[in-house]
Each structure stands twice: as C-alpha cells, then as structure tokens.
Amino acid sequence: MNSSTEIKINFSGRAIRYTEEEIAVVVDAMRHADPLTQGAFMREFERKFAVYQGVPEGSCFTTMNGCAALEMSAQLCRFRPGDEVVIPSHTFTASAYPYLKKGARLVWADIDPQSRVVTAASIERVLTPKTRAVVVVHLYGYVADMPAIMALCRERGILCIEDAAQAIGAELDGRKAGSFGDMGIFSFHSHKNMTTLGEGGMLYVADPALAAVIPALRHNGHCAYAFERPDYWKPAMGNVDVPMLDGDLLLPNNFCLGEVECALGAKLLDRIDQINDEKRQRALRFIDALADFPQLGFHRVESRRHNYHLLAARMTTGPEQRDAFIRTMFHEKGVKCVVQYIPLDRYDFYRRFGLSEANCPHADAFFDSMVSFPFQHWLSEEEFDHMLAATRETLANLG
Ligand SMILES: *Cc1c(COP(=O)(O)O)cnc(C)c1O
C-alpha cells in the first residue's frame with residue numbers, strides 16, 4: 001500500500017452488527033440459561049427455524065457450525081465402498097471434505113458461468129451408476145435450480161444435500177434455500193448474513209426416520225433408556241446408543257451449539273429478511289451504477305432468490321486486468337477486494353486424494369477472473385459510496 005493510503009474498507013471477517021435488543025437477549029441467556037447447552041433456547045431456535053424454513057417441526061437441528069452439520073449429513077448417507085458424491089468444484093472446502101472423511105469418492109461438477117452454481121445439466125454430466133449423493137451449494141447466496149435438480153435426483157434415486165451455508169433466507173418459488181433436498185445445512189459463522197457469535201449451524205433432515213437419530217448422533221450417543229428405571233441412577237446416568245439405520249452402525253459426535261448462541265439465533269430470525277433485503281438493495285445499486293462498465297460482469301437478481309451474501313463479479317477482460325484492478329483498489333483506494341473459492345481440484349489436499357481430475361472449465365474461468373468486493377452488512381453509506389466511486393475510477397483508468 002502507498003504510504004499515503006490507508007485501508008478504508010477492509011474485507012471484514014464480521015458480517016453484521018448486533019442491535020441492543022439482540023445483545024440484551026444474549027445477556028439474558030447468559031444470566032438465566034440452565035443448562036448452558038441442550039436446553040430450552042436450543043429447542044426454541046430449532047422450532048422457529050423450522051417455521052421460518054416452512055418445514056415440519058422436529059426436522060431442524062442446531063450444530064456448533066455448518067461443517068458439523070455437513071459431517072452428520074455425510075454420516076446419514078452411509079456410503080458403501082466406491083460410492084460417489086457429486087460436488088461443485090467451485091465452493092468452500094467444507095462443502096466437500098466431510099464426504100471424503102466418511103468414505104465417498106468426490107466427483108466435481110461444473111458451475112453455470114452466469115449464476116456460478118451447479119445446474120441439473122452440469123450434475124447429470126458427471127453422474128455414474130455409483131453416484132450416491134449430490135451436494136448442491138447455493139454459493140454467494142443464490143439458490144440453484146432446485147426443482148430441476150430434485151427431479152433429476154428423484155429419477156436416479158440419488159440423495160440431495162443442499163449446502164445453504166451462504167443462502168439463509170434466499171428462496172425460489174416461495175420455498176426457502178435448504179428446504180428442497182433430502183438434507184440442508186446452514187452456517188451461522190462470523191462471515192454469514194446471520195451469525196450466532198461467530199460459530200453456529202443447522203442441519204435439516206427431511207426423512208423423519210433419519211432425523212430421529214440426530215439428537216444421539218449430535219451428542220455423544222446420549223439418549224434415554226428404553227425401559228422403566230425404578231432407581232433413576234441405575235444402570236447409569238443415561239444410556240449411550242445411536243439407533244441403527246438399516247443395520248448400519250453410526251459413530252456419535254459432540255456437535256452441540258450452546259444456549260446463548262441458540263437464544264441469539266432465534267432472535268436473529270426476526271431480522272434476517274431485513275438484512276438480506278438491505279444487502280440485495282445495495283448490491284443492485286452497485287451493479288446498476290456500474291452498468292456502463294462491461295468489464296465487470298455481475299450476477300444481477302432482483303428477487304429473493306439471491307440474498308447477496310457476497311458481491312462477486314467476473315472481470316470480463318481477463319485475469320491480468322482482474323489483478324490490476326484489485327491491486328489499484330487496494331494500494332490506491334484503500335479497498336480490499338479478494339478472490340474466492342479456488343476450484344477444489346486445484347488444492348494440494350484434494351490432489352493427494354487423487355481428486356485432481358475435473359472437467360469444470362466454467363469454474364476455472366470464473367475463478368481466474370473473479371473479484372469479491374467487501375460487502376459486510378454494516379458498511380456505512382459513506383464507505384459504500386467510496387467503494388463505488390473507487391471502482392468507477394479504477395475501471396476508467398484500466399483502459
Ligand atoms: C461457511 C461455509 C461452510 C461451513 O460453515 P462453518 O459454519 O464455517 O463450518 C460450508 N459451506 C459453505 C459454502 C460455506 O460458505
């Protein structure tokens with residue numbers, strides 16, 4: 001950075017600020033929650049979340065983060081040797097490695113160049129007789145074409161898991177992201193449009209028989225004894241077991257979310273639509289104000305199908321111009337843009353597992369030219385206007 005320039009707009013690790021009311025809810029839970037985990041606030045958050053999602057009560061389960069929800073969704077798939085899971089190559093690593101850990105072979109699907117998410121066609125291209133499940137990631141906050149994807153999965157007898165970590169509140173045909181598939185996962189990490197003090201997650205499981213195992217799977221296999229106990233302390237304080245699924249043994253975890261976080265999560269559901277709407281309004285304002293610069297290709301969506309968790313664009317003039325843009329924005333304008341979601345097949349980690357093969361030209365092309373703008377909800381109007389003016393000036397000077 002030039003000595004004369006300071007960083008004015010950081011790519012913040014924190015997406016939202018809390019209202020005084022939300023802080024009061026946290027303080028109240030700190031004072032009164034008993035126990036501090038697995039209590040009434042958890043049940044209330046799960047109930048309210050199910051209502052928000054328009055899914056049956058008893059199908060949503062809080063977890064300590066989105067990754068923990070993905071781990072349990074992978075367990076519920078009960079992979080057999082050779083089973084494959086289709087996953088977009090353009091996503092965050094946590095969408096993928098839980099399935100690798102549980103024994104599946106990952107197969108990369110390409111994205112649509114316009115929407116930057118997978119389509120029924122891009123999934124179908126990589127299906128084989130061994131495909132057991134598909135993970136659909138609503139990346140950047142945009143809901144993939146779930147009706148077509150679910151039709152494909154049903155026709156082929158394939159499980160569908162929606163990674164809605166970035167898409168809370170986004171909807172398609174009046175249905176919420178994460179409510180179409182067999183399972184849905186959500187994240188309330190610090191970066192997301194709704195965060196429960198930095199970590200938090202939710203798992204939605206449509207099949208009640210699968211959902212029934214989650215409480216024990218989530219919490220050390222703890223459950224009640226099935227028989228009447230005349231002495232409450234015998235044979236032990238509680239039982240340890242996880243119901244078997246079609247003869248499959250499942251190993252438990254401890255993936256619980258604390259009561260304070262749950263109290264806050266339930267409260268934030270009252271404001272998430274407003275947060276999303278405000279982000280979308282801003283995104284549209286930014287995109288429209290740059291309409292005379294075709295160098296930046298945005299994905300413009302006016303409806304609630306996009307919650308604009310992130311504001312991403314493709315530099316249509318190529319990777320070198322992209323780098324020049326980010327460099328100038330940072331060094332001369334004090335605006336820190338970033339580049340996100342290197343296709344997973346390009347990481348050494350996945351290569352070491354023999355997963356370097358991908359036929360995903362759109363994912364590669366998008367990633368190599370993409371720019372992600374700082375887009376935390378709490379940017380002031382002044383900061384936002386500065387970012388817009390800086391973007392216009394930088395693009396004009398790039399020639
Ligand atoms: C954030 C994120 C996750 C993981 O969520 P955590 O709560 O951080 O574990 C998974 N998938 C995607 C697409 C994400 O953006």
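Conventions used here
- Residues numbered from 1 in each chain as written.
- Predicted model: local features only at pLDDT ≥ 70, side-chain atom pairs only at ≥ 80, totals over all residues.
- Heavy atoms only, no water.
- Helix = DSSP H or I, 4+ residues; strand = E, 2+ residues; numbered from the N terminus.
- Rg over C-alpha atoms; globule rule 2.2 N^0.38 Å.
- Buried < 20%, exposed > 50% of the residue type's maximum accessible area, 1.4 Å probe, protein only.
- Contact = heavy atoms within 4.5 Å.
- Areas by Shrake-Rupley, 256 points an atom, 1.4 Å probe, with all protein chains shown as cover.
- Lys, Arg positive; Asp, Glu negative; His and termini not counted.
- Charge placed at Lys NZ, Arg CZ, Asp CG, Glu CD.
- Expected span 1.5 Å × (residues − 1).
- Arc of directions from axis to C-beta.
- Phe/Tyr/Trp six-rings, centres within 6.5 Å; stacked < 30°, edge-to-face > 60°.
- Lys NZ or Arg CZ within 6 Å of the ring centre and 35° of its normal.
- Domains from an automatic or database assignment.
- Buried area = accessible area lost by both parts, 1.4 Å probe.
- Nonpolar A, V, L, I, M, F, W, Y, C, P; charged D, E, K, R; others polar.

Our focus in this paragraph is the overall build of the protein. Assigned secondary structure in the protein consists of 14 helices and 14 strands. On C-alpha atoms alone, the protein measures out to a radius of gyration of 22 Å, which is about the 21 Å that the 2.2 N^0.38 rule sets for 399 residues. For the protein, the spread of C-alpha atoms along the three principal axes comes to 80 × 55 × 40 Å. When the 399 residues of the protein are sorted by exposure, 56% land in the buried category. A separation of at least 24 residues holds for 73% of the contacts in the protein among residues at least 6 apart in sequence. Element-wise, carbon and sulfur atoms account for 52% of the exposed surface of the protein, whose accessible area totals about 17200 Å². In the protein, the 42 positive side-chain charges and the 51 negative ones have mean positions that sit 2 Å from each other.

So, on to helix H2 (residues 40-53). Over its 14 residues, H2 runs 20 Å from end to end, which matches the ideal 20 Å to within 8%, given 1.5 Å per residue. Residues of H2 that are buried include every one of Met42, Phe45, Glu46, Phe49, Ala50, Tyr52 and Gln53, and no others. One face of H2 carries all of its buried residues, which in axial projection span an arc of 160°. Downstream of H2 by one or two residues, Gly54 has phi in the positive range, about 70°.

Attention shifts here to the packing of aromatic side chains. Going through the model one piece at a time under the given rule, you end up with 17 aromatic pairs. Note on Tyr232 and Trp233: the rings are 4.9 Å apart at their centroids and 85° apart in plane angle, and the pair reads as edge-to-face. When the centroid spacing of 5.7 Å and the interplanar angle of 50° are considered together, the rings of Phe286 and Phe384 count as tilted. Residue Phe286 is located in helix H10 (residues 272-289), and its partner Phe384 is located in helix H14 (residues 381-398); the two are separated by 98 residues in the primary sequence. Note on Phe384: relative accessible area 0%, which makes it buried. An aromatic cluster of three or more residues is present, and its members are Phe286, Phe298, Phe325, Phe373 and Phe384. The lysine or arginine in question, Arg17, covers the ring of Trp378, its NZ or CZ lying 4.1 Å from the ring centre. Residue placement shows Lys176 over the ring face of Tyr52; its charged tip is 4.5 Å from the ring centre.

Attention now goes to the domain arrangement of the protein. It is common to report an interface's size as the accessible area lost on association of the parts. For the protein, the domain assignment lists domain 1 (20-268) and domain 2 (272-398). Computed from C-alpha atoms alone, the centre-to-centre distance between domain 1 and domain 2 is 27 Å. Taken residue by residue, the interface counts 38 residues in domain 1 and 39 residues in domain 2. Between domain 1 and domain 2, roughly 3300 Å² of surface is buried when both sides are summed, and carbon and sulfur atoms account for 57% of that area. The largest share of the area that domain 1 buries against domain 2 comes from Trp108, Tyr140 and Asn193, three residues that together contribute 24% of it. Elements with a contribution of two residues or more to the side of domain 1 that touches domain 2: helix H4 (97-101), strand E3 (105-109) and strand E6 (171-172). Sort the elements by how many residues they give to the side of domain 1 that touches domain 2 and E3 lands first, with four residues. Per-class residue counts for the side of domain 1 that touches domain 2 are 21 nonpolar, eleven polar and six charged.

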